[in-house]
Amino acid sequence: LGVEGVSDEQVERQKCVVAALRVLVNLTNHNEIGCSLLAQANGFQTAVDLLSTCNSVSGNVALDHDRFDVLTLALGVCINGVELSAGNREMLGSCRVKGHDSVWHLLVNLFRSRTGLQ
(Lines give C-alpha, C1' and ligand atoms only; values in the text may rest on other atoms or scores of the structure.)
Protein backbone atom coordinates (compact mmCIF):
# COMPACT_ATOMS: atom_id res chain seq x y z
CA LEU A 1 0.00 0.00 0.00
CA GLY A 2 3.02 2.19 -0.21
CA VAL A 3 3.47 3.71 3.26
CA GLU A 4 7.20 3.72 3.88
CA GLY A 5 8.29 1.99 7.08
CA VAL A 6 4.82 0.59 7.78
CA SER A 7 3.70 -2.93 6.92
CA ASP A 8 0.67 -3.55 4.75
CA GLU A 9 -0.94 -5.28 7.73
CA GLN A 10 -0.54 -2.16 9.89
CA VAL A 11 -2.02 0.01 7.15
CA GLU A 12 -5.01 -2.32 6.77
CA ARG A 13 -5.50 -2.46 10.54
CA GLN A 14 -5.47 1.34 10.68
CA LYS A 15 -8.04 1.52 7.87
CA CYS A 16 -10.30 -0.88 9.81
CA VAL A 17 -10.01 1.24 12.96
CA VAL A 18 -10.89 4.39 11.01
CA ALA A 19 -13.87 2.66 9.36
CA ALA A 20 -15.14 1.33 12.71
CA LEU A 21 -14.81 4.76 14.30
CA ARG A 22 -16.75 6.34 11.42
CA VAL A 23 -19.57 3.89 12.04
CA LEU A 24 -19.51 4.60 15.79
CA VAL A 25 -19.62 8.35 15.20
CA ASN A 26 -22.73 7.86 13.06
CA LEU A 27 -24.36 5.43 15.51
CA THR A 28 -23.83 7.72 18.50
CA ASN A 29 -24.79 11.01 16.84
CA HIS A 30 -27.88 12.28 18.76
CA ASN A 31 -28.80 8.66 19.51
CA GLU A 32 -29.33 7.78 23.17
CA ILE A 33 -29.60 4.07 22.44
CA GLY A 34 -26.34 4.07 20.46
CA CYS A 35 -24.62 5.98 23.27
CA SER A 36 -25.94 3.56 25.89
CA LEU A 37 -24.74 0.58 23.89
CA LEU A 38 -21.33 2.21 23.47
CA ALA A 39 -21.08 2.66 27.23
CA GLN A 40 -22.22 -0.91 27.95
CA ALA A 41 -19.57 -2.29 25.59
CA ASN A 42 -16.78 -0.33 27.36
CA GLY A 43 -16.45 1.79 24.24
CA PHE A 44 -15.31 4.86 26.13
CA GLN A 45 -12.21 3.09 27.41
CA THR A 46 -11.42 1.89 23.91
CA ALA A 47 -11.84 5.40 22.50
CA VAL A 48 -9.62 6.82 25.25
CA ASP A 49 -6.99 4.17 24.56
CA LEU A 50 -7.02 5.20 20.88
CA LEU A 51 -6.68 8.86 21.87
CA SER A 52 -3.71 7.97 24.02
CA THR A 53 -1.95 6.17 21.17
CA CYS A 54 -2.50 9.14 18.86
CA ASN A 55 -0.76 11.51 21.24
CA SER A 56 2.58 11.26 19.44
CA VAL A 57 3.70 12.27 15.96
CA SER A 58 5.90 9.83 14.03
CA GLY A 59 7.27 12.12 11.32
CA ASN A 60 5.77 9.85 8.62
CA VAL A 61 3.25 12.10 6.86
CA ALA A 62 0.92 9.29 5.74
CA LEU A 63 0.94 7.60 9.15
CA ASP A 64 0.44 10.91 10.96
CA HIS A 65 -2.53 11.71 8.69
CA ASP A 66 -4.12 8.38 9.68
CA ARG A 67 -3.42 9.08 13.34
CA PHE A 68 -5.12 12.45 12.97
CA ASP A 69 -8.18 10.69 11.49
CA VAL A 70 -8.25 8.26 14.43
CA LEU A 71 -7.81 11.14 16.87
CA THR A 72 -10.61 13.19 15.33
CA LEU A 73 -13.02 10.27 15.07
CA ALA A 74 -12.28 8.96 18.59
CA LEU A 75 -12.92 12.46 19.96
CA GLY A 76 -16.19 12.51 18.00
CA VAL A 77 -17.27 9.21 19.55
CA CYS A 78 -16.47 10.52 23.03
CA ILE A 79 -18.30 13.81 22.43
CA ASN A 80 -21.36 12.08 20.98
CA GLY A 81 -21.37 9.56 23.80
CA VAL A 82 -21.41 12.11 26.60
CA GLU A 83 -23.56 14.78 24.99
CA LEU A 84 -26.91 13.38 26.12
CA SER A 85 -25.98 11.43 29.26
CA ALA A 86 -24.57 12.52 32.62
CA GLY A 87 -23.89 8.85 33.41
CA ASN A 88 -21.76 8.54 30.29
CA ARG A 89 -19.87 11.70 31.25
CA GLU A 90 -19.00 10.08 34.58
CA MET A 91 -18.00 6.88 32.81
CA LEU A 92 -15.70 8.78 30.43
CA GLY A 93 -14.19 10.67 33.36
CA SER A 94 -13.39 7.41 35.14
CA CYS A 95 -11.46 5.91 32.21
CA ARG A 96 -7.85 5.07 33.00
CA VAL A 97 -5.09 6.50 30.86
CA LYS A 98 -1.55 5.19 31.06
CA GLY A 99 0.92 8.01 31.67
CA HIS A 100 -1.75 10.59 32.62
CA ASP A 101 -3.52 11.50 35.83
CA SER A 102 -6.93 11.36 34.16
CA VAL A 103 -8.71 11.36 30.83
CA TRP A 104 -9.14 15.12 31.25
CA HIS A 105 -5.35 15.53 31.56
CA LEU A 106 -4.93 13.53 28.33
CA LEU A 107 -7.48 15.70 26.51
CA VAL A 108 -5.77 18.90 27.67
CA ASN A 109 -2.40 17.53 26.53
CA LEU A 110 -3.84 16.60 23.14
CA PHE A 111 -5.26 20.08 22.74
CA ARG A 112 -2.04 21.73 23.81
CA SER A 113 0.10 19.56 21.52
CA ARG A 114 -2.10 20.34 18.49
CA THR A 115 -2.14 24.09 19.15
CA GLY A 116 1.55 24.49 19.99
CA LEU A 117 0.88 25.43 23.62
CA GLN A 118 3.19 22.79 25.09
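Relevant structure appears above.
Residues numbered from 1 in each chain as written. Predicted model: local features only at pLDDT ≥ 70, side-chain atom pairs only at ≥ 80, totals over all residues. Heavy atoms only, no water.

**Quick notes on unusual backbone geometry**
What counts, and what does not: A run of H or I in DSSP counts as a helix once it spans at least four residues, and a run of E counts as a strand once it spans at least two, with each numbered from the N terminus.
Phi at H30 is positive, roughly 50°, even though this residue is not glycine. Relative to the helices and strands, H30 is located in the loop between α1 (8-28) and α2 (32-40). In this structure, N42 is a non-glycine residue whose phi angle is positive, near 60°. Mapped onto the fold, N42 is located in the loop between α2 and α3 (43-53).

**Some points on the nonpolar core**
Heads up, the condition is: By nonpolar core we mean a set of buried residues, namely Ala, Val, Leu, Ile, Met, Phe, Trp, Tyr and Cys, connected to one another through side-chain atoms within 4.5 Å. The buried label applies to any residue whose accessible area, calculated with a 1.4 Å probe on protein chains only, is under 20% of its type's maximum; exposed applies above 50%, and partly exposed to all values in between. Should any heavy atoms of two residues lie within 4.5 Å, those residues are considered in contact.
Core analysis: the largest hydrophobic core is formed by 23 residues, its most contacted members being L21, F44, V48, L51, L92 and L106. Elements represented by at least two residues in this core include exactly α1, α2, α3, α4 (61-83) and α6 (103-115). At 7 residues, the largest contribution of residues to this core is made by α4. L92 has contacts with F44, V48, C78, V82, V103 and W104, leaving out every residue within four places of it along the chain.

**Details of the packing of α1 against α2**
Applied cut-off: Only C-alpha atoms enter the line fits that serve as axes; for helices the fit covers just the stretch in contact. Angles between N-to-C directions range over 0 to 180 degrees. By the definition adopted for this analysis, an angle is roughly parallel if under 35 degrees, roughly antiparallel if over 145, roughly perpendicular if from 65 to 115, and oblique otherwise. Gly is put with the polar residues, along with every residue not named as nonpolar or charged; the nonpolar set is Ala, Val, Leu, Ile, Met, Phe, Trp, Tyr, Cys and Pro, and the charged set is Asp, Glu, Lys and Arg.
Look at α1 against α2: their axes get within 7 Å of each other, and the N-to-C directions meet at 130°. If you check the angle between α1 and α2, you find them oblique. Two secondary-structure elements touch here, α1 through L24, L27 and T28 and α2 through G34, C35 and L38. In terms of residue class, the contact of α1 with α2 is built from 4 nonpolar, 2 polar and no charged.

Don't take any of this as a statement about function, it's just geometry.
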